[in-house]
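Summary of the model geometry
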Amino acid sequence: MTPYRILHGTKKFFASAVLASSIAGIFSACEDNVPTVGSDLATNEVQIALDSLIWDDTEQYIHRGDYKLPVTCPKISYTTEFDDAIDARSTNNLIGRISVPEYGDLRCSFVSRMMCATKLAIPDSIPIEQIDSMKLILSIKRGDLTGDSLAPQQLRVFRLTKSLPLDIDNRFDPTGYYDPSDPIGTRSYTLSALGMSDSIYSTQSYVNIQIPMTREMAVRTVKEYRENQSIFAWPQTFEKYFHGIYVEPSFGSGCVANIQESNFVIYYSYKQEETKKNDDNTVTTVVNTKAAMTGVFQSSPIVLNSNNVIYTPSPTLKGYAAQNEALITSPGGYRINLRFPARELIDIYSMSQSKLAVVSDLKFSIPVEEISNDYGITPPPYLIMVKKSKLTEFLASNSLPDNKDSFYAIYNATGKNYTFSSMRSYIIDLIQNGVKDEDLEFTIIPANLTFETNQSSNNYSSYYYYYGYTNTASESTMTKCTPYIQKPTMCRLRMDEAKTVFTYSIQQMQ
């Protein structure tokens, strides 16, 4: 016996008619060799079939007008897989360490090339003696962290001694790419608001970790700008001069922060004359010394930037995985391989025995169980579901979900589920061209999606990264899809309660 069966228990499949105009504009697929239904259905009557099925190996019913047919939906076959290799190239960086009993241990450092300013904003009239200092500023969006913001930590910054490899991933070992005995900066820090007044903190969008560099580095940088301008003309020539940085946690744990930007800035002083008219109409000239700063190098999406992530799952998660619980974690770690029940859905579709069947929609929803913890680790905001045979190519080419071989779902924190919608093109292609085994095998991983919001009435566009749980994607255009490494996340997917909603019209024709 096959794992899927439709039980025939009625002679009449259809009853009340639905106006054909209610499905105008949706795709139609004609099947010429399907037998007619029966004499009690009027020619050209249209029915809407909405097959809502939970794949839990129980007997359920599909409705055809006033009648219903019993069907059995097998459980969705899946495996939980641990993969410690992810594409960790990103515009943001994680730094720090955490150890969470339910989640596990996570240590994050990063390597990054720098984008240089093509022109130094310090006037040539400023003498070298007035170059004061240099800092690396790591900017963290307020609250964009996991763990205890009061946890004391320390990091070290090293200058890379050779070019980074292009085939880099999160397992990259920077040993040999820097001199561990020669850090260019060290800083102890916390990410709390200590030291800021409430009024100041409330106005700050970012918390900055400022790491002092040596004055010698600042002076050398200014001299190079003035004497060898060609070095800074292109990213390729600058990379040969400054290969980049390696930033690592060197002390402390309890917090992992998401760094949005890394900027090298130089501070300098200059003199400015100011005149003051006295009461006796004489003029006094005063020369004041003022301080200024300018950015020279910074991280950028157009230069290589990669996270070094070492994640060891907790005994709790390892126990779930040993029982083949459907686990999702980030950055990296657990993901799901599953067999989507497309053949079974098409069997039901074919049983409509209609001369004309019009596919309207297909959705796949998976309930979520959040894993309780004290660190605020939640499910990832997005999942992507990609055909397993195409996953490597999808990630390597930075592809976007195309609703045929790949799909995305937003986490619904209220309903506690992910729903992969817009699967209509996928099922239509299988109905028309047949089903191969590779069409059924998918991998689910966390993703970070970038959208462009177009506001034509104001004649401008804006970009944003989605970290929350409000669905605004339908109003925007997706521009980027990458593996999710913004924060630690985890959850269990309740695959035994996974649900499909397949909607199509059916019509009998002479």
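See the structure above.
Since we're looking at a predicted model, the values are computed, not measured.

Reading the values: the criteria
Residues numbered from 1 in each chain as written. Predicted model: local features only at pLDDT ≥ 70, side-chain atom pairs only at ≥ 80, totals over all residues. Heavy atoms only, no water. Helix = DSSP H or I, 4+ residues; strand = E, 2+ residues; numbered from the N terminus. Buried < 20%, exposed > 50% of the residue type's maximum accessible area, 1.4 Å probe, protein only. Contact = heavy atoms within 4.5 Å. Areas by Shrake-Rupley, 256 points an atom, 1.4 Å probe, with all protein chains shown as cover. Phe/Tyr/Trp six-rings, centres within 6.5 Å; stacked < 30°, edge-to-face > 60°. Lys NZ or Arg CZ within 6 Å of the ring centre and 35° of its normal. Pairing = 2+ DSSP bridges. Salt bridge = Lys/Arg side-chain N within 4 Å of Asp/Glu carboxyl O. Expected span 1.5 Å × (residues − 1). Axes fitted to C-alpha atoms, helices over the stretch in contact; angles between N-to-C directions. Parallel < 35°, antiparallel > 145°, perpendicular 65-115°, else oblique. Nonpolar A, V, L, I, M, F, W, Y, C, P; charged D, E, K, R; others polar. Polar contact = N/O pair within 3.5 Å; in protein donor to acceptor, adjacent residues only side chain to side chain.

This part takes up the overall build of the chain. A count of helices and strands for the chain gives seven helices and 28 strands. A total of 510 residues make up the chain; the buried ones form 48% of that total. Considering only residue pairs separated by 6 or more positions, the chain has 80% of its internal contacts joining residues 24 or more positions apart. Accessible surface computed for the chain: about 24,400 Å², of which carbon and sulfur atoms make up 48%.

Taken as a whole and judged by the stated rule, the model has 30 aromatic pairs. Each ring, one from Tyr268 and one from Tyr270, has its centre 6.4 Å from the other, and the planes form 45 degrees; the classification is tilted. Ring centres of Phe340 and Phe442 lie 6.4 Å apart, and the angle between their planes is 80 degrees; this geometry places the pair in the edge-to-face category. Of this pair, Phe340 sits in the loop between β19 (333-339) and α5 (342-350) while Phe442 sits in strand β24 (residues 441-455); the two residues are 102 residues apart in sequence, bridging distant segments of the chain. Grouping aromatic residues by their ring pairs yields a cluster made of Tyr225, Phe232, Phe238, Tyr241, Phe242, Phe264 and Phe297. When the ring centre of Tyr241 is taken as reference, the NZ or CZ atom of Arg159 above it lies at 5.4 Å. In this structure, Lys162 is placed above the aromatic ring of Tyr177, and the distance from its NZ or CZ to the ring centre is 4.5 Å.

It is worth spelling out the pairing of strand β7 (residues 93-100) at this point. The element β7 is largely enclosed, with a buried count of six among its eight residues. Bridge analysis of β7 against strand β15 (residues 255-277) gives five bridges, and the strand direction is antiparallel. The residue of β15 that forms the bridge with Gly96 is Val256. Sheet analysis places β7 next to strand β8 (residues 104-112), joined by five bridges and oriented antiparallel. Note on β8: the bridge partner recorded for Gly96 is Cys108. Hairpin remark: β7 followed by β8, antiparallel, with three residues in the connecting loop.

Attention now moves to the pattern of salt bridges. Per the stated rule, a full pass over the model turns up 21 salt bridges. The salt bridge partner of Glu216 is Arg220, with a shortest N-O separation of 3.7 Å. Remark: Arg220 and Glu216 occur in helix α2 (residues 215-227); sequence separation between them is four residues, near one turn of the helix. With relative accessibility at 57%, the residue Glu216 sits in the exposed group. Note that Asp439 and Lys436 form a salt bridge whose closest N and O atoms lie 3.8 Å from each other. According to the relative accessible area criterion, Asp439 is buried, its value standing at 5%. Given the relative accessible area of 47%, Lys436 is considered partly exposed.

Here we come to α2. Under the 1.5 Å per step criterion, the end-to-end length of α2 is 18 Å for 13 residues, consistent within 8% with the ideal 18 Å. The set of residues buried in α2 consists of Met217, Ala218, Val219, Thr221, Val222, Glu224 and Tyr225. The secondary structure elements touched by the buried residues of α2 are β9 (115-116), β10 (131-147), β13 (206-213), α3 (235-241), β15 and β16 (283-298).

Our next topic: the packing of α5 against helix α7 (residues 424-433). It is the contact of α5 with α7, at a shortest axis distance of 11 Å, that shows an interaxial angle of 70 degrees. In terms of orientation, α5 lies roughly perpendicular with respect to α7. Between α5 and α7, the contacting residues are Ala342, Ile346 and Tyr349 on the first element and Tyr426, Ile427, Leu430 and Ile431 on the second. When its residues are assigned to classes, the contact of α5 with α7 shows seven nonpolar, no polar and no charged.

Let us now look at the environment of Thr58. Note that Thr58 resides in strand β4 (residues 58-64). Through-space distance from the C-alpha of Thr58 to that of Pro74 is 7.2 Å; in sequence the pair is 16 residues apart. Thr58 has contacts with Val71, Thr72 and Cys73, leaving out every residue within four places of it along the chain. Side-chain polar atoms of Thr58 contact the side chain of Asp56, separated by 2.6 Å.

In this section: unusual backbone geometry. The omega angle of the peptide bond from Ser330 to Pro331 is -5 degrees, so this bond is cis rather than trans. Within the secondary structure layout, Pro331 lies in the loop between β18 (326-330) and β19. Residue Asn398 is not a glycine yet carries a positive backbone phi of 55 degrees. Checked against the element boundaries, Asn398 lands in the loop between α6 (391-396) and β22 (406-412). Residue Asn403 is not a glycine yet carries a positive backbone phi of 65 degrees. On the secondary structure map, Asn403 appears in the loop between α6 and β22.

Here we take up the environment of Val247. Within the secondary structure, Val247 is located in strand β14 (residues 245-251). For the pair Val247 and Asn308, spaced 61 residues apart in sequence, the C-alpha separation works out to 9.7 Å. Each residue touching Val247, except ones within four places of it in the same chain, is listed here: Ile95, Ser109, Phe110, Leu155, Arg156 and Val157.

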